[in-house]
Amino acid sequence: MHQMKNFLFISIIFLAACSGLPRYVAPPASENPATISNYSNLLLCKLTGIKGPDGYNACQARLLVIDGSITPNSSQVKVSPGLRRISTFCHTMDFTYTLPGVASSPKPAKSYSQKYEVDFAQGAIYRVEPFWDGSFCKIRLIDAGGNALPMKDVLNPIDA
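Here goes a summary of the coordinates provided. Predicted, not measured: the structure shown is a model, and the values here were computed from it.

1. Considerations on the overall build of the protein chain
Part 1: Helix and strand counts for the protein chain stand at two helices and eleven strands.
Part 2: The linear arrangement of helices and strands in the protein chain, starting from the amino end, is α-β-β-α-β-β-β-β-β-β-β-β-β.
Part 3: By residue count, 39% of the 160 residues in the protein chain fall in the buried class.
Part 4: Here the contacts in the protein chain between residues at least 6 apart in sequence split such that 65% fall between residues at least 24 apart.
Part 5: Entry remark: accessible area of the protein chain is about 9,000 Å², with carbon and sulfur atoms responsible for 59%.

2. Description of the sheet that holds strand β9 (residues 125–133)
Think of a sheet as strands paired side by side through backbone hydrogen bonds, with each pair either parallel or antiparallel.
Part 1: Spatially, four strands are ordered β6-β1-β9-β10 in an open sheet, and the strand pairing comes out mixed. Lying at the two open borders of the sheet, with one neighbouring strand each, are β6 (76–79) and β10 (136–143). For this sheet, the mean inter-axis angle between neighbouring strands, taken without regard to orientation, is 30 degrees.
Part 2: Here strand β1 (residues 34–37) pairs with β9 via three bridges, running parallel. Considered in β9, the bridge of Ser37 is made with Arg127.

3. What to know about the nonpolar core
Part 1: Ranked by size, the top nonpolar core spans 26 residues in total, and within it Ile36, Val79, Ile86, Val118, Phe120, Tyr126 and Leu141 carry the most contacts.
Part 2: Looking at this core, the elements that each hand over two or more residues are β1, β4 (56–66), β6, β7 (82–94), β8 (110–120), β9 and β10.
Part 3: Examining the composition of this core, we find that five residues originate from one element, β4, more than from any other.
Part 4: Setting aside anything within four residues of it in sequence, one finds Tyr126 in contact with Ala34, Thr35, Ile36, Ser37, Phe120, Ala121, Leu141, Ile142, Asp143 and Leu149.
Part 5: Formed by five residues, the second largest nonpolar core is a distinct cluster that contains Leu42, Cys45, Cys59 and Ala109.

About the criteria used
Residues numbered from 1 in each chain as written. Predicted model: local features only at pLDDT ≥ 70, side-chain atom pairs only at ≥ 80, totals over all residues. Heavy atoms only, no water. Helix = DSSP H or I, 4+ residues; strand = E, 2+ residues; numbered from the N terminus. Buried < 20%, exposed > 50% of the residue type's maximum accessible area, 1.4 Å probe, protein only. Contact = heavy atoms within 4.5 Å. Areas by Shrake-Rupley, 256 points an atom, 1.4 Å probe, with all protein chains shown as cover. Pairing = 2+ DSSP bridges. Axes fitted to C-alpha atoms, helices over the stretch in contact; angles between N-to-C directions. Core = buried A, V, L, I, M, F, W, Y, C linked by side-chain atoms within 4.5 Å.

Written out as structure tokens, the structure reads:
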């Protein structure tokens, strides 16, 4: 329960920081937009979250901003085809195992953000998949065939 409170607090702070951005408006169906399914595993994260270093699991990952507009916190987002600049969000929680009777408090939840340039295909379907790059939680977009969509890292283009 303590970790859920931390998640809600961090989410509210993070979204408040983005509140100055305009709200994202989904493209019309006539554009044949791409569909992105966000990753959320908050309820079962301890058991099935993407395991990372130091007892952390990735519990939620999603598109946060598309072309400067904040997206709704929903399970799916429609995106106009073509080159788009996106910001992503990956939220992690500590599930370090402790021995019974040993007092320890969980480490604080961590959130990660990245910015990418992505070329979305018309009508394509993608899912957000969190992964660990060392101690940093990142995301990739996976198409219906199981292939990762090329994403150019805007913050660190050398690593792209």
